[in-house]
Amino acid sequence: MVLESTMICFDNSDYQRNGDYFPTRLNVQKDGINLVCLTKLRSNPENNVGLMTLSNTVEVLATLTSDVGRIFSKMHLIQPKGEINLMTGIRIAHLVLKHRQGKNHKMRIVVFVGSPINNEEGELVKQAKRLKKEKVNVDIVSFGDHGNNIETLTAFINALNGKDGTGSHLVSVPRGSALSDALLSSPIIQGEDGMGAAGLGGAAFEFGVDPNEDPELALALRVSMEEQRQRQESEQRRAGADNAGSTGSAESAAGSAPASGESGTGSSGVTVPNSNSEEAMLQRALALSTETPEDNLPDFANMTEEEQIAFAMQMSMQDAADDNVTQQAKRPKTDDASAPMDVDEDYSEVIGDPAFLQSVLENLPGVDPQSEAVRDAVGSLNKDKDKKTDGKDDQKK
């Protein structure tokens, strides 16, 4: 790629306040300069770009540099004021280019004009001839449709190019058009060979996607970005509310501690803290159902999933044991006290039957009925059965 040093002239006159280019001329001009800077610096890493303003006393904001961030930081501080001074701005831009560090760099000036030009056409033509002798190319972006600007600027570009030259360009952007889109298809960005924007990729578009080529993808990316932004805002609001709630509950609990101590606890003897969080309500419910002080309850927020499952199993086993005790207490008494004993005795006889145990052990997966441990267990059951039988025989005698 061609080594090139470029000075960009920013039109910051009062005409840039107009809103005929959405949102304003000043903003669309900044977008265009952003596009030009990225194109020049990405086409060749050794290229340099500078920035200057054209209104009133011309001011150089950034000398030639390859740091695009420096250009953008200076550009966003520009405010509209005064009137454009095109001739002086071109002369100063040429002077800056003459003092460039890379003498092998070609010189180019990119001028944005969105105000009426006060200079005569003859003066601009003379200046164009001087620039041609110095081998300086000038690209002009004209927007705003002001009087005879197009005729004057066309004469200036023709004088620069001469009969066979094509190094300088004039791009006219009518009202209602997008300045960035016009630049993308112009020789200022594309270059003479049409490859100037090859290194730019999708950087000129939002999310790096051209909405004209793939509008559905661009819309999907925009919707996804908006949903992500709303999700982050909701999370921030929820976190702020949780922090405020925890702070308020801690203060209220500290203030109500003496009063609760004097008034005593409820029927279950549980001290309930003044908190509206879901975890606190869950702990209160568990404490009331199990009649266990809240201090002995585990911290569910810090428990792993396995610990929570184990605690739930323990609570369910306790509930099952309480139900069995309640059912036994409610079971009516019968006159024949030997009937339950007969059932238990029959059940124990089935369990102690060696043949029955052998059949059960053979059907269990992973159990070897012939192992010593299984044999010892069956033998111990048989011994217990024999002892019980002997004891019953003695009692009958």
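Residues numbered from 1 in each chain as written. Predicted model: local features only at pLDDT ≥ 70, side-chain atom pairs only at ≥ 80, totals over all residues. Heavy atoms only, no water.

K.L.:
Sorry if this is basic, but what is going on with the overall build of the chain here?
P.N.:
A count of helices and strands for the chain gives 13 helices and six strands. Looking at the chain as a whole, 32% of its 397 residues are labelled buried. If you take every contact in the chain between residues at least 6 apart in sequence, the share linking residues at least 24 apart comes to 67%. Of the roughly 24,700 Å² of accessible surface on the chain, 51% is carried by carbon and sulfur atoms. (Helix = DSSP H or I, 4+ residues; strand = E, 2+ residues; numbered from the N terminus. Buried < 20%, exposed > 50% of the residue type's maximum accessible area, 1.4 Å probe, protein only. Contact = heavy atoms within 4.5 Å. Areas by Shrake-Rupley, 256 points an atom, 1.4 Å probe, with all protein chains shown as cover.)

K.L.:
Is there a simple way to explain the confidence of the model for the chain in this structure?
P.N.:
Any residue range with low pLDDT should be treated as having predicted coordinates unsuitable for detailed reading. Summarising the model, the chain shows a mean pLDDT of 77, and 68% of its residues fall at 70 or more. By mean pLDDT, helix α11 (residues 338-351) is the weakest element of the chain at 51, and strand β2 (residues 48-53) is the strongest at 96. Contacts from residues 257-275, a stretch scored under 50 in pLDDT, to residues over four places away or in other chains number 18 contacts. Here residues 333-345 scores under 50 on pLDDT; set against residues more than four positions off or in separate chains, the count is one contact. (pLDDT = per-residue confidence, 0-100.)

K.L.:
Explain the packing of helix α4 (residues 121-133) against helix α5 (residues 149-161) here, please?
P.N.:
Any two packed helices are characterised by how steeply their axes cross, that is the angle between the axes, and by the distance between the axes. Between α4 and α5, the least distance of the axes is 8 Å, while the angle of their chain directions is 25°. With respect to α5, the element α4 is oriented roughly parallel. The element α4 and its partner α5 pack so that their crossing is right-handed. Residue-level contacts link Glu 121, Leu 124, Val 125, Ala 128, Leu 131 and Lys 132 of α4 to Thr 152, Ala 155, Phe 156, Ala 159, Leu 160 and Asn 161 of α5. Looking at side-chain class alone, the contact of α4 with α5 contains eight nonpolar, two polar and two charged residues. (Axes fitted to C-alpha atoms, helices over the stretch in contact; angles between N-to-C directions. Parallel < 35°, antiparallel > 145°, perpendicular 65-115°, else oblique. Left-handed = near helix turned anticlockwise from the far one by under 90°. Nonpolar A, V, L, I, M, F, W, Y, C, P; charged D, E, K, R; others polar.)

K.L.:
Looking at this structure, I do not really get unusual backbone geometry. What am I missing?
P.N.:
Across residues other than glycine, the phi torsion is negative in most instances, and most of the peptide bonds are trans. In this structure, Pro 23 follows Phe 22 across a cis peptide bond, with omega equal to -5°. If you trace the backbone, Pro 23 turns up in the loop between β1 (4-10) and α1 (25-43). A positive phi angle is found at Asn 56, which is not glycine, with a value near 50°. At Asp 145, a position not held by glycine, the phi torsion is positive, near 55°. With respect to the secondary-structure elements, Asp 145 resides in the loop between β5 (136-143) and α5.

K.L.:
I tried to follow the packing of aromatic side chains on my own but got confused; where do I start?
P.N.:
What describes a pair of aromatic rings is the distance from one ring centre to the other and the angle between the planes of the rings. Scanning the model with the defined rule gives one aromatic pair in all. Summarising the aromatic geometry, the rings of Tyr 21 and Phe 143 are spaced 5.7 Å apart at their centres and angled 85° between planes, so their arrangement reads as edge-to-face. Of the two residues, Tyr 21 sits in the loop between β1 and α1 while Phe 143 sits in strand β5, which places them 122 residues apart along the sequence. Of the two residues, Tyr 21 and Phe 143, both sit in the buried class. (Phe/Tyr/Trp six-rings, centres within 6.5 Å; stacked < 30°, edge-to-face > 60°.)

K.L.:
How do you make sense of the environment of Asn 27 when you look at a structure like this?
P.N.:
The residue Asn 27 is located in helix α1 in this model. With 11 residues separating them in the primary sequence, Asn 27 and Gln 16 have C-alpha atoms 8.4 Å apart. Polar side-chain contacts of Asn 27 include one of 3.1 Å to the side chain of Thr 24. (Polar contact = N/O pair within 3.5 Å; in protein donor to acceptor, adjacent residues only side chain to side chain.)

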